[in-house]
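Close look at the chain arrangement
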Amino acid sequence: MKLYTLTPAEGSTKNRKRIGRGTGSGRGGTSTRGHKGAKSRSGYKTKIGFEGGQMPLQRRVPKFGFKSLNKVEFKPVNLDTLQSLAEEFNLSAINMEALVSHGLASKNDKIKILGGGELKAKLDVTAHQFSASAVAAIENLGGTVNKI
């Protein structure tokens, strides 16, 4: 067997439609474009969202809502998560490095400690924000709260 003897499997390839090669070809004349109109012209290209002159969907649908450019997104972490982290890895201080290394946050996240769950261990917690209930729970056990 030689490389030049290889051919595609029977029926796997089709000949492309050769348009504009005279009336005898069956695809001459208007070359499958129909008569007149923008689509029959050379260089025709639709604009994105164009619906033939009808009011496009993105202009028919009402706009609403507001997104603040200054909003700060926080990654929430509950007290029960801190408790399980402290028990599992024997930690007494929890900071950004600990949360990132154990997969609870990425290095660019801002962390907010929330008061969900129960905390039993004395911890020194460092984060960007704390809820009032989280601060109370941490300090009741003799831990410290440090804001970054």
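Please refer to the structure placed before this passage.
Now for a quick tour of the structure. (Residues numbered from 1 in each chain as written. Predicted model: local features only at pLDDT ≥ 70, side-chain atom pairs only at ≥ 80, totals over all residues. Heavy atoms only, no water.)

1. Points about helix α2 (residues 79-89)
Of the residues making up α2, those classed as buried are Leu79, Leu82, Gln83, Leu85 and Ala86. Down the axis of α2, the smallest arc covering the buried residues is 165°, so these residues share one side. In this structure, α2 carries Glu87 and Glu88 as exposed residues pointing more than 90 degrees from its buried face. At its buried positions, α2 is contacted by β1 (74-78), β2 (93-94), α3 (96-101), β3 (110-114), β4 (124-127) and α4 (132-140). (Buried < 20%, exposed > 50% of the residue type's maximum accessible area, 1.4 Å probe, protein only. Helix = DSSP H or I, 4+ residues; strand = E, 2+ residues; numbered from the N terminus. Arc of directions from axis to C-beta. Contact = heavy atoms within 4.5 Å.)

2. Here's the deal with the sheet that holds strand β5 (residues 129-130)
In space, the three strands of this open sheet follow the order β1-β3-β5, with parallel pairing throughout. Whereas interior strands pair on both sides, the edge strands pair on one side only; in this sheet they are β1 and β5. Where β1 lies against β3, five bridges are found, and the strand directions are parallel. By the bridge assignment for β3, valine 77 is matched with isoleucine 113. (Pairing = 2+ DSSP bridges.)

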